[in-house]
Amino acid sequence: MERRYSVAIDGPSGAGKSTIARAASQRYGFLYVDTGAIYRTVGLAAERRGLAFGDEAAVGELLPEIEVSLGYGEDGVQRAYLDGEDVSERIRTPQISRRASDVSAMPAVRAYLLGMQRALASERSVIMDGRDIGTVVLPDADLKIFLTASAECRALRRQRELAGRGVDLSFEEVLREIKARDEHDSSRAAAPLRVAPGAVTMDTGELSLAESIDAVCGVIEKKLGVRACQR
Ligand code: DC
């Protein structure tokens, strides 16, 4: 049977995790799992029901009533579904970022999504990105990477990305948002953002996207002994 590998990539928002993890997955033919998308989907469900932020009891009641799933298009790109509806684009707004950060601090939400994430990782070789993949979801991952960059660097990238999608926000606004999310994701009691034991920490602040991808792939090849299957 073919050897299955698991790579956990954690780090704060805007460090380039998703783009880098997606590119590396393509390079090695691994499944890419963006776990932030599933927290965002739960956040979207809470938003649609008009629940109050921080209302854990209401979100707990909501969970058994919704169906959150991930799928992959013919192009191999991950899609997120809420009750069968493709919400992949709808979950990428600043409001849903705040919702995702809110619901992801709730232990009931984390417990609900844990099994789904582990099941995805048991099917094939995966690169999974999130905040607690190396610490909680896949503590036995073959390789754990913690990707980071300064808040200013990440804010600049996020501002450009949002502008590319027609969302114009000032640098200061994006920076404030990034710092607030960092603080919220790191200080929460449930699975806070932490560097997992044994993780390789990489700072992408000074690197271009292509350099970041090559640096991460270099670590993957060295640690797992795999080679690119397409470039
Ligand atoms: O990576 P992202 O910005 O799409 O994540 C959205 C939110 O979900 C963010 O506030 C952190 C949270 N999250 C989490 O708590 N655990 C994960 N494994 C992934 C995301």
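Residues numbered from 1 in each chain as written. Predicted model: local features only at pLDDT ≥ 70, side-chain atom pairs only at ≥ 80, totals over all residues. Heavy atoms only, no water.

Peer 1: Tell me about the site of the ligand, residues and numbers included.
Peer 2: Close to the ligand lie 16 residues, the nearest being Thr 35, Arg 40, Arg 110, Arg 131 and Arg 188. For the ligand, an oxygen atom lies 2.9 Å from a polar atom in the side chain of Arg 131. The contact in question runs from an oxygen atom of the ligand to an N or O atom on the side chain of Asp 185, over 3.2 Å. Residue assignment for the shell around the ligand shows that the elements contributing at least two residues are helix 2 (36–48), helix 4 (94–104) and helix 8 (171–187). Class assignment for the residues of the shell around the ligand results in 3 nonpolar, 5 polar and 8 charged. (Near = heavy atom within 4 Å. Polar contact = N/O pair within 3.5 Å; in protein donor to acceptor, adjacent residues only side chain to side chain. Helix = DSSP H or I, 4+ residues; strand = E, 2+ residues; numbered from the N terminus. Nonpolar A, V, L, I, M, F, W, Y, C, P; charged D, E, K, R; others polar.)

Peer 1: Would you mind going over the packing of helix 4 against helix 8 in detail, with residue names and values included?
Peer 2: Taken N-terminus to C-terminus, the directions of helix 4 and helix 8 make an angle of 10°; their axes are 10 Å apart at the nearest point. Judged by the inter-axis angle, helix 4 sits roughly parallel to helix 8. Note on element contacts: helix 8 touches helix 4 through Glu 177, Arg 181, His 184 and Asp 185, opposite Ser 97, Arg 98, Ser 101, Asp 102 and Ser 104. Across the contact of helix 4 with helix 8, the residue classes break down as no nonpolar, 4 polar and 5 charged. (Axes fitted to C-alpha atoms, helices over the stretch in contact; angles between N-to-C directions. Parallel < 35°, antiparallel > 145°, perpendicular 65-115°, else oblique. Contact = heavy atoms within 4.5 Å.)

Peer 1: Give a detailed account of the sheet that holds strand 2 (residues 31–34), specifying residues and quantitative values.
Peer 2: Pairing is parallel across the open sheet formed by 5 strands, whose spatial order is 2-6-1-7-8. One side of each edge strand has no neighbouring strand; the edge strands of this open sheet are strand 2 and strand 8 (200–203). Averaged over neighbouring strand pairs, the angle between their axes works out to 20° when direction is ignored. Across 4 bridges, strand 2 lies against strand 6 (residues 126–130) in parallel orientation. Its bridge partner being in strand 6, Val 33 is matched across the sheet by Met 128. Set on the sheet, helix 1 (residues 17–28) makes contact with strand 1 (6–10), strand 2, strand 6 and strand 7 (143–148); between it and strand 6 the angle comes to about 180°. (Pairing = 2+ DSSP bridges.)

Peer 1: Describe the pairing of strand 4 (residues 78–82), with residues and values.
Peer 2: Judged by which residues are buried, strand 4 turns out to be one-sided: Gln 78, Ala 80 and Leu 82 face inward and are buried, whereas Arg 79 and Tyr 81, on the alternate face, are not. Note that strand 4 and strand 5 (residues 85–86) share 2 bridges and pair antiparallel. When the sheet's bridge partners are listed, Tyr 81 is paired in strand 5 with Asp 86. Counting the residues between successive antiparallel strands, the hairpin from strand 4 to strand 5 contains 2 residues, one of them, Asp 83, with a positive phi of roughly 50°. (Buried < 20%, exposed > 50% of the residue type's maximum accessible area, 1.4 Å probe, protein only.)

Peer 1: Describe the pattern of salt bridges, with residues and values.
Peer 2: A full pass over the atoms with the stated rule returns 18 salt bridges. For the salt bridge of Glu 85 with Arg 48, the shortest nitrogen-to-oxygen distance reads 3.0 Å. Highlighted residues: Glu 85 in strand 5 and Arg 48 in helix 2, separated in sequence by 37 residues. The exposure class assigned to Glu 85 is partly exposed, which follows from its relative accessible area of 31%. We classify Arg 48 as partly exposed; its relative accessible area is 45%. Note that Glu 65 is salt-bridged to Arg 49, the shortest N-O span being 2.8 Å. (Salt bridge = Lys/Arg side-chain N within 4 Å of Asp/Glu carboxyl O.)

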